[in-house]
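# Coordinates in review
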Amino acid sequence: MEQLQGEGRFNRRAILVAEAQRRILEGLEAGKVEVVPLAQARGRLLGKRLTATCDWPPFVRSGLDGYAVRSIDTVGAAPDAPVTLEVIGHIAAGEVANEAIRPGTAMRIMTGAAVPEGADAVIMLEQTQEASEGEHHLVKLKRDAGAGQNATPIGVEYKAGSVVAEAGTVLRSGHIALLATFGYAEVPVYAKPKVAILPTGLELLPVHAPLRPGQIRDSNSGMLVALIEEAGGIPLLHPRLCDDPQMVMQAITEASEEADIILTTGGVSVGDYDVMAAIMRDIRARSGGYKADEANLSRTGQAGNEQEPTQITDREGNVLLFDKVAMRPGSPTSAALMNGKLLLALSGNPAACFVGFELFGRPAMKRLQGTERIASLPRQTTARLKSGFDKGSPHERFVRTRLYVEEAQQFADPLAFNKSSMMASLPESDGLIRIPAGPCGAEAGALVDVIVLN
Ligand SMILES: Nc1nc2c(c(=O)[nH]1)N[C@H]1C(S)=C(S)[C@@H](COP(=O)(O)OP(=O)(O)OC[C@H]3O[C@@H](n4cnc5c(N)ncnc54)[C@H](O)[C@@H]3O)O[C@H]1N2
Ligand code: MOO
Ligand SMILES: [Mg+2]
């Protein structure tokens with residue numbers, strides 16, 4: 001096997017996580033919008049602002065089963081001094097009265113029915129008693145009613161034309177109810193991003209294969225399929241690639257014809273067969289390397305001792321966004337734009353692959369589904385560290401943790417098996433504690449930022 005690493009193997013400069021996220025999100029625009037039946041819209045991101053197609057409620061609506069009355073006719077009604085009105089009609093939900101309430105009259109009305117003209121209140125059945133006088137139906141009211149009582153006015157919830165949901169909103173069950181109400185049988189939503197997964201590494205066996213000496217089953221691919229589906233995307237899984245840069249480049253090019261994002265796993269570090277590192281280095285070499293931005297460090301002005309080289313564009317228009325990030329796990333994570341598509345080269349180490357997806361892959365998928373750039377970033381909370389994490393690091397560290405609440409305080413309890421190469425903590429992870437770069441980690445009881453995982 002030809003060794004891939006030559007000049008420049010170690011010459012990679014870490015940028016801060018926030019800058020790496022900025023570069024990815026700056027490189028992406030919201031994707032295509034498609035129309036789906038309302039029944040399939042839950043969980044999708046709305047493709048355009050939708051407004052109320054009428055006032056809601058569209059008629060004065062009875063809040064309960066009772067009698068529609070003129071409140072003025074009920075003044076003084078009490079159990080020992082009932083007011084008697086003539087019942088001149090009966091209105092079920094879905095019906096409309098064919099006459100108005102006149103002084104001294106009432107109509108029996110059901111919950112959700114349109115309150116007739118002339119009435120301004122509804123008295124519940126329990127506070128009334130039926131009576132009759134000859135041919136006449138009467139009702140005795142044992143309570144008075146204030147104007148507007150149990151009669152919901154037209155348009156209290158929505159005026160026609162007012163906003164029901166903005167573009168980019170994640171449609172929840174409540175939105176489905178509103179959109180049904182306003183007659184949106186079909187809903188414009190952002191297309192699900194298609195995300196190609198290209199695993200690299202000759203040591204990888206398919207999941208069904210028996211283990212062979214020195215080899216392992218490909219676990220990153222299945223994990224990424226699950227993460228992509230969870231993030232609302234369509235995973236396009238490619239068979240395992242060998243460490244040949246031409247073949248991997250060809251696979252990336254082919255994948256980019258269909259996919260919106262290409263994820264590779266493995267081969268991003270400094271090893272002899274690290275094919276993605278070689279591909280990224282190629283873009284860098286073709287564009288004259290870092291020299292161009294030597295004079296232009298840290299455009300972001302962020303604190304931190306990492307240098308912030310600007311992104312690099314080669315002659316084919318491929319943009320190397322970064323080839324190292326000041327983070328652990330996953331520092332060799334790299335990203336480029338190829339034909340306008342995001343190529344995110346995730347580490348092969350399972351936990352680094354997971355963290356890289358959460359920090360960069362999921363935000364990119366959100367952005368493609370119409371989420372604003374800032375809102376596409378991972379959701380953060382704060383928590384008290386349950387136990388100390390005393391390992392310092394030159395890079396910010398993302399520690400897999402359980403989150404729980406005790407006496408109104410949220411705690412983060414770091415999980416065992418937190419190394420980049422380890423998987424045992426992944427299923428239990430509720431969040432990623434952000435331990436700032438520094439010599440001594442963080443002490444028990446310290447307030448820490450935590451990225452919340454889905
Ligand atoms: N001399 C150095 N060695 C390493 C460095 C370094 O700076 N200097 N960085 C380390 C760090 S940090 C990381 S993270 C890893 C990155 O590794 P790669 O992205 O190059 O991944 P591979 O070399 O292909 O594999 C690493 C590891 O992960 C396993 N792997 C790969 N793909 C899969 C998969 N699809 N499913 C499950 N497991 C997978 C692979 O077998 C290896 O065990 O590099 C460090 N080294
Ligand atoms: O950056 Mo790596 O994932 O620590 O082993
Ligand atoms: Mg490697």
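The structure this text deals with has already been given above.
Keep in mind that what you see is a predicted model, and the values were worked out from it rather than measured.

This part takes up the environment of Leu403. Tracing the backbone through its elements, the reader meets Leu403 in strand β24 (residues 396-406). The spacing of Leu403 and Lys386 is 17 residues in sequence and 9.6 Å in space, taken between C-alpha atoms. Excluding its chain neighbours within four sequence positions, the residues that come into contact with Leu403 are Thr381, Ala383, Gln410, Phe411, Ala412, Asp430 and Val450.

We now examine the environment of Val17. When you line up the elements, Val17 lands in helix α1 (residues 17-26). Taking the relative accessible area as the measure of exposure, Val17 reaches 2% and is therefore buried. Taking the C-alpha atoms as reference points, Val17 and Lys419, 402 residues apart in sequence, are found 19 Å from one another. Non-local contacts of Val17, meaning those with residues more than four positions away in its chain, are made with Val325, Ala326, Met327, Leu359, Phe360, Glu396, Phe398 and Arg434.

On to the pairing of β24. With 8 of 11 residues buried, β24 is to be regarded as a mostly interior element. With 5 bridges connecting them, β24 and strand β26 (residues 431-435) associate as antiparallel partners. Note that in β26 the partner of Thr401 across the bridge is Gly431. In the sheet, β24 pairs with strand β25 (residues 409-414) via 6 bridges, with the strands oriented antiparallel. In the strand pairing of β25, Glu406 is matched with Gln409. The turn joining β24 and β25, which pair antiparallel and follow one another in sequence, is formed by 2 residues; a positive phi near 45° is taken by Glu407.

Around the magnesium ion (ligand 3), the protein contributes the donor atoms Asp274 (OD) and Asp274 (OD), at 2.3 to 2.5 Å from the metal centre. Mapped onto the secondary structure, Asp274 falls in the loop between β17 (261-265) and α5 (275-286).

With respect to the helices and strands, Pro394 occurs in the loop between β23 (380-385) and β24. Taking the C-alpha atoms as reference points, Pro394 and Ala106, 288 residues apart in sequence, are found 79 Å from one another.

So, on to unusual backbone geometry. Between Trp56 and Pro57 the backbone carries a cis peptide bond, its omega angle lying at -5°. Within the element layout of this structure, Pro57 appears in the loop between β2 (50-51) and β3 (61-62). Of the consecutive residues Arg328 and Pro329, the connecting peptide bond is found in the cis state with omega at -5°. Along the polypeptide, Pro329 turns up in the loop between β20 (327-328) and β21 (334-338). The residue Asn150 is not glycine, and still its phi comes out positive at about 60°. Within the secondary structure, Asn150 is located in the loop between β9 (136-141) and β10 (151-152).

With that settled, consider the nonpolar core. Among the nonpolar cores identified, the biggest contains 39 residues, and Ile24, Leu224, Leu263, Leu342, Phe357 and Phe360 are the most heavily contacted of them. Elements with a minimum of two residues in this core: α1, β13 (194-199), α3 (220-230), β17, β19 (319-322), β21, β22 (341-346) and α6 (350-368). Top contributing element to this core by residue count: α6, with 9 residues. There are two domains that each give this core at least three residues, and those are domain 1 (7-32 + 192-376) and domain 4 (380-452). Leaving out residues up to four positions away in the same chain, Phe360 has contacts with Val17, Ala20, Gln21, Ile24, Val325, Met327, Thr333 and Leu344.

Moving on, we get to the site of ligand 2. In the vicinity of ligand 2, the residues found are Arg328, Pro329, Gly330, Ser331, Pro332, Asn349, Ala352 and Ser420. The contact in question runs from an oxygen atom of ligand 2 to an N or O atom on the side chain of Asn349, over 3.4 Å. Per-class residue counts for the shell around ligand 2 are 3 nonpolar, 4 polar and 1 charged.

So, how was this worked out
Residues numbered from 1 in each chain as written. Chains lettered and ligands numbered in written order. Predicted model: local features only at pLDDT ≥ 70, side-chain atom pairs only at ≥ 80, totals over all residues. Heavy atoms only, no water. Helix = DSSP H or I, 4+ residues; strand = E, 2+ residues; numbered from the N terminus. Contact = heavy atoms within 4.5 Å. Buried < 20%, exposed > 50% of the residue type's maximum accessible area, 1.4 Å probe, protein only. Pairing = 2+ DSSP bridges. Donors = N, O, S within 2.8 Å, 3.2 Å for Na, K, Ca; no water. Core = buried A, V, L, I, M, F, W, Y, C linked by side-chain atoms within 4.5 Å. Domains from an automatic or database assignment. Near = heavy atom within 4 Å. Polar contact = N/O pair within 3.5 Å; in protein donor to acceptor, adjacent residues only side chain to side chain. Nonpolar A, V, L, I, M, F, W, Y, C, P; charged D, E, K, R; others polar.

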